[in-house]
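For reference, the chains in residue letters:
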Amino acid sequence: MATGLVQRSSPNCRAVLRAGTRAADREEGGTLVNGLGFARDIRRPNLGGHQKVTMVELFFDLVFVFAITQLSHALLADLSIANGLKIGFLLRAVWWVWMYTTWVTNWLDPDQLPTRLMLFGLILLGLVMSAAIPRAFEDRGLAFAVAVASIQVGRSLFACWA
């Protein structure tokens, strides 16, 4: 959508945002609100410099520190080439989940309630994913796969909605 290219300080920003509204959107007190009552524009403000990192984002990162710790412990338990390839596969999945979520949260404002709720949901799924890592190629493979897929699909759907 073209609204991502318009700076927030632009005088045409409101007009462009209105052009991207949905049927359920309405305006309350000068703020575009969706059918659930959330502010429609939940993107980060364009401050032209550094962005403040929130505690929710740091907690999200901490979940992935736990995932990397789980991966390193699983690798140390068996230093064979086959296990190294398995851990490399899991590392790639964990890396892609973290990287894309970080990218999305650079665009969305974590101080807005919908974004914060999305992050807490991803944190819970990330904990399930991390807990499944030690036995991801055994009986917890389905838990790992469902958590990773849910994070990827849920985050993408949320980004489309936002």
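Now for a quick tour of the structure. On a predicted model such as this, the values are computed, not experimentally measured, just so you know. (Residues numbered from 1 in each chain as written. Predicted model: local features only at pLDDT ≥ 70, side-chain atom pairs only at ≥ 80, totals over all residues. Heavy atoms only, no water.)

1. Topic: the overall build of the chain
In terms of regular secondary structure, the chain is built from five helices and two strands. Counting from the amino terminus, the chain carries its helices and strands in the arrangement α-β-β-α-α-α-α. Per-residue burial for the chain yields a buried fraction of 33% across its 162 residues. Counting only contacts in the chain whose residues sit at least 6 apart along the sequence, the fraction spanning at least 24 positions is 63%. A total accessible area of about 9,800 Å² is found for the chain, and carbon and sulfur atoms account for 67% of it. (Helix = DSSP H or I, 4+ residues; strand = E, 2+ residues; numbered from the N terminus. Buried < 20%, exposed > 50% of the residue type's maximum accessible area, 1.4 Å probe, protein only. Contact = heavy atoms within 4.5 Å. Areas by Shrake-Rupley, 256 points an atom, 1.4 Å probe, with all protein chains shown as cover.)

2. What about the packing of aromatic side chains?
Within this structure, the stated rule accounts for six aromatic pairs. Considering the side-chain rings of Phe-89 and Phe-137, the 6.4 Å spacing of their centres and the 55 degrees angle between planes classify their relative orientation as tilted. Taken together, the residues span a long stretch of sequence, with Phe-89 in helix 3 (residues 81-107) and Phe-137 in the loop between helix 4 (113-132) and helix 5 (141-161) at a distance of 48 residues. Centre to centre, the rings of Trp-96 and Tyr-100 are 5.0 Å apart; their planes meet at 35 degrees, and the pair counts as tilted. Residue Trp-96 and its partner Tyr-100 are both found in helix 3; the two are separated by four residues, about one turn of the helix. Classification of Trp-96 by relative accessible area gives partly exposed; the value is 30%. (Phe/Tyr/Trp six-rings, centres within 6.5 Å; stacked < 30°, edge-to-face > 60°.)

3. Side note on the pattern of salt bridges
Tallying each qualifying case throughout the model produces three salt bridges. For the salt bridge of Lys-52 with Asp-111, the shortest nitrogen-to-oxygen distance reads 3.8 Å. Of this pair, Lys-52 sits in the loop between strand 2 (31-33) and helix 2 (55-77) while Asp-111 is found in the loop between helix 3 and helix 4, placing the two residues 59 residues apart along the sequence. For Lys-52, a relative accessible area of 58% gives the class exposed. On the basis of relative accessible area, Asp-111 is assigned to the partly exposed category, the value being 41%. Between Asp-111 and Arg-116 there is a salt bridge, and its shortest N-O distance comes to 3.5 Å. (Salt bridge = Lys/Arg side-chain N within 4 Å of Asp/Glu carboxyl O.)

4. Re helix 2
Here helix 2 spans 33 Å end to end across 23 residues, near enough to the 33 Å set by a 1.5 Å rise per residue. Listed as buried for helix 2 are Val-56, Glu-57, Phe-60, Val-63, Phe-64, Ala-67, Gln-70, Leu-71 and Ala-74. As for helix 2, its buried residues are in contact with helix 3 and helix 4. (Expected span 1.5 Å × (residues − 1).)

So far we have only geometry, and geometry alone does not tell us how the molecule works.
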